[in-house]
Amino acid sequence: MSIFKPADILVPRDIDFEKWSVVACDQFTSEPEYWEKAAEIAGSSPSTLNIIFPEAYLGAGGSAERIEKINSTMREYLDSGLFEEHKNSFIYVERALSCGKVRRGLVGSIDLEEYDFSKGSSSRVRATEGTITERIPPRQRIRENAPLELPHIIMLIDDREKTVIEPLKAKKAEFLKLYDFELMLGGGHIAGYKVSREATREIIKAFEQLEDAAVIEKKYGAARGSSLVIAAGDGNHSLATAKTCWDRIKQELTPQQAETHPARYALVELENIHDSALEFEPIQRVVFDIDPPELIKSLTEYYSSASFEDNGGQRIEYTYRGEQGAVYISDPPSRLAVGTLQSFLDKYIAEHGGRIDYIHGIDVVKKLSEKPNTIGFMVAAMEKNELFETVIKDGALPRKTFSMGEAEDKRYYLECKRI
């Protein structure tokens, strides 16, 4: 099995897991107060908050010092014996979301040699959204000297028969429970189990069947790009950063060294797109430092088919300072309203300035859009069952097209791996 493998996974022991585990760094980017609350909860206890870089602080200055502190804290945690290493293992995860549904996943490693995030890629492990290459260097600076990686990456499989992850639910009583606790700040509940050797063999066998060429052709046909087996769900830019760092590291290795180097593999959580608890939510846009009426006027001029009346086209809602409305685009350039909107915003900001933030939750959009010179846009979510075939047929989606749940339902940092 070359694409998804067991890993040497580090899990902390004898700690308060609620203080240890924090949400993905790319959440609440316009709400630093969230991260202040997380810091209050973590206090002086060991916490992943001390070994990640919340993006809410990326432009706040002192990045080099923060990265140096992250790396030194990682080494401190390693040297102190904080972690127990589970060699060549999978971890089965059950995440009870804030809505009460239980989402199931499997923590293991992706072979970065099988992953390609470039435009037009036909690799077996692939990005689902366009990768913004300018976003990689800041993340690369965080990763390049780090001794550990912590995944908030969620990868997806199109396992219609539910053969890889779902059978583990009935077997978890046989597994060693590694953690079971409430996540901070409304994140729900999470439990993780070390998969037994027998169940690991069954996972490998089921996955080999899933990536069999005949099985893939039956699902998608024989068109170019139909070799897709694993697609990025969350953490696309983190995975692209891991790939970029690996491509640099392997230049200095022999082929034999490259086969087993830990940086070749990225720790991820694998989920089945057919899990009923996995829901796609739209990622909304808030634009700062602009004139909202002027921006709306430009949007209607940019698309000649734009109308404030419902013409059966794509609906793009907007809100600013309590004002709400919608623009309809009847002859859109993209199959998705989010792509149509993003094309316009990219051009507008390049010409007029302003800043976009990508937001989970309509309530947050409306709250932020109360600020002066700020406007929020809201679009509908795509259907999750369309994902694989859309990526195969059309290539990567517009960036920030969808989110797997609201912000609180994102993956929390928990397990680590040496790199």
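As the structure is a prediction and not an experimental result, all values here were calculated from the model.

(A) Examining the pairing of strand S2 (residues 7-12) more closely. Most of S2 sits inside the fold, with five of its six residues counted as buried. In terms of strand pairing, S2 meets strand S3 (residues 83-89) through five bridges, oriented antiparallel. What sits directly across from Pro 12, in S3, is Phe 83.

(B) Expanded view of the sheet that holds strand S19 (residues 355-359). Pairing is antiparallel across the open sheet formed by six strands, whose spatial order is S16-S18-S17-S20-S15-S19. Of all the strands in the sheet, just strand S16 (306-307) and S19 have a single pairing partner and so form its edges. In this sheet, strand S18 (residues 323-329) lies alongside S16 in antiparallel orientation, the contact comprising two bridges. Each residue of the ladder has a partner; that of Ala 306, found in S18, is Ile 329. Taken strand by strand, helix H9 (residues 292-302) contacts strand S15 (284-288), S16, strand S17 (314-320), S18 and strand S20 (374-378), and its axis lies near 45° from that of S20. Its contacts with the sheet put helix H10 (residues 337-352) on S15, S17, S18, S19 and S20, and the angle it makes with S15 is roughly 15°.

(C) Seen up close, the environment of Gln 140. Within the secondary structure, Gln 140 sits in helix H4 (residues 136-143). In this structure, the C-alpha to C-alpha distance between Gln 140 and Thr 128, residues twelve residues apart in sequence, is 21 Å.

(D) Spotlight on the pattern of salt bridges. One pass over the structure, following the stated rule, counts 26 salt bridges. With a closest N to O distance of 3.5 Å, Glu 94 and Arg 104 form a salt bridge. One end of the pair, Glu 94, is in strand S4 (residues 91-96); the other, Arg 104, is in strand S5 (residues 102-111), and ten residues separate them in sequence. Summarising the burial analysis for this pair, Glu 94 and Arg 104 share the class buried. Among the salt bridges present, the one from Glu 271 reaches Arg 103, with a minimum N-O distance of 3.2 Å. Taken together, the residues span a long stretch of sequence, with Glu 271 in strand S13 (residues 265-272) and Arg 103 in strand S5 at a distance of 168 residues. The pair formed by Glu 271 and Arg 103 is uniform in burial state, with each residue classed as buried.

(E) The arrangement of the packing of H4 against helix H7 (residues 236-249) in detail. Across the interface, H4 lies against H7 with an axial gap of 9 Å and an inter-helix angle of 65°. When you trace H4 past H7, the crossing you get is right-handed. Across the interface between the two elements, Ile 136, Arg 139, Gln 140 and Arg 143 from H4 touch His 237, Ala 240, Thr 241, Ala 242, Thr 244, Cys 245 and Arg 248 from H7.

(F) Spotlight on the packing of aromatic side chains. The final tally for this structure, using the stated rule, is 17 aromatic pairs. With centroids separated by 5.4 Å and ring planes inclined at 15°, the aromatic side chains of Phe 4 and Phe 90 adopt a geometry described as stacked. On the criterion of sequence distance, the pair formed by Phe 4 in strand S1 (residues 4-5) and Phe 90 in the loop between S3 and S4 is long-range, its members being 86 residues apart. The same class applies to Phe 4 and to Phe 90, which are both buried. Ring geometry for Phe 17 against Tyr 179: centres 6.0 Å apart, planes inclined by 45°, an arrangement best described as tilted. In this pair, Phe 17 sits in helix H1 (residues 17-20) while Tyr 179 sits in strand S10 (residues 176-182), placing the two residues 162 residues apart along the sequence.

(G) Quick look at the side chain of Gln 342. Residue placement: Gln 342 occurs in helix H10. Judged by relative accessible area, Gln 342 falls into the buried class, the value being 4%. Reaching out from Gln 342, the side chain makes a polar contact with the side chain of Arg 285 at a distance of 2.8 Å. Here Tyr 358 takes part through its side chain, which lies 3.2 Å from a polar atom of the side chain of Gln 342.

(H) Geometry of the nonpolar core. Ranked by size, the top nonpolar core spans 83 residues in total, and within it Met 155, Phe 207, Ile 230 and Phe 377 carry the most contacts. For this core, the leading source of residues is H10, giving seven residues. The residues contacting Ile 230, other than those within four sequence positions of it, are Ile 3, Phe 4, Ile 110, Arg 124, Val 125, Arg 126, Met 155, Leu 156, Ile 157, Phe 207 and Leu 270. Formed by 46 residues, the second largest nonpolar core is a distinct cluster that contains Cys 25, Leu 49, Ile 70 and Leu 183.

Parameters at a glance
Residues numbered from 1 in each chain as written. Predicted model: local features only at pLDDT ≥ 70, side-chain atom pairs only at ≥ 80, totals over all residues. Heavy atoms only, no water. Buried < 20%, exposed > 50% of the residue type's maximum accessible area, 1.4 Å probe, protein only. Helix = DSSP H or I, 4+ residues; strand = E, 2+ residues; numbered from the N terminus. Pairing = 2+ DSSP bridges. Contact = heavy atoms within 4.5 Å. Axes fitted to C-alpha atoms, helices over the stretch in contact; angles between N-to-C directions. Salt bridge = Lys/Arg side-chain N within 4 Å of Asp/Glu carboxyl O. Left-handed = near helix turned anticlockwise from the far one by under 90°. Phe/Tyr/Trp six-rings, centres within 6.5 Å; stacked < 30°, edge-to-face > 60°. Polar contact = N/O pair within 3.5 Å; in protein donor to acceptor, adjacent residues only side chain to side chain. Core = buried A, V, L, I, M, F, W, Y, C linked by side-chain atoms within 4.5 Å.

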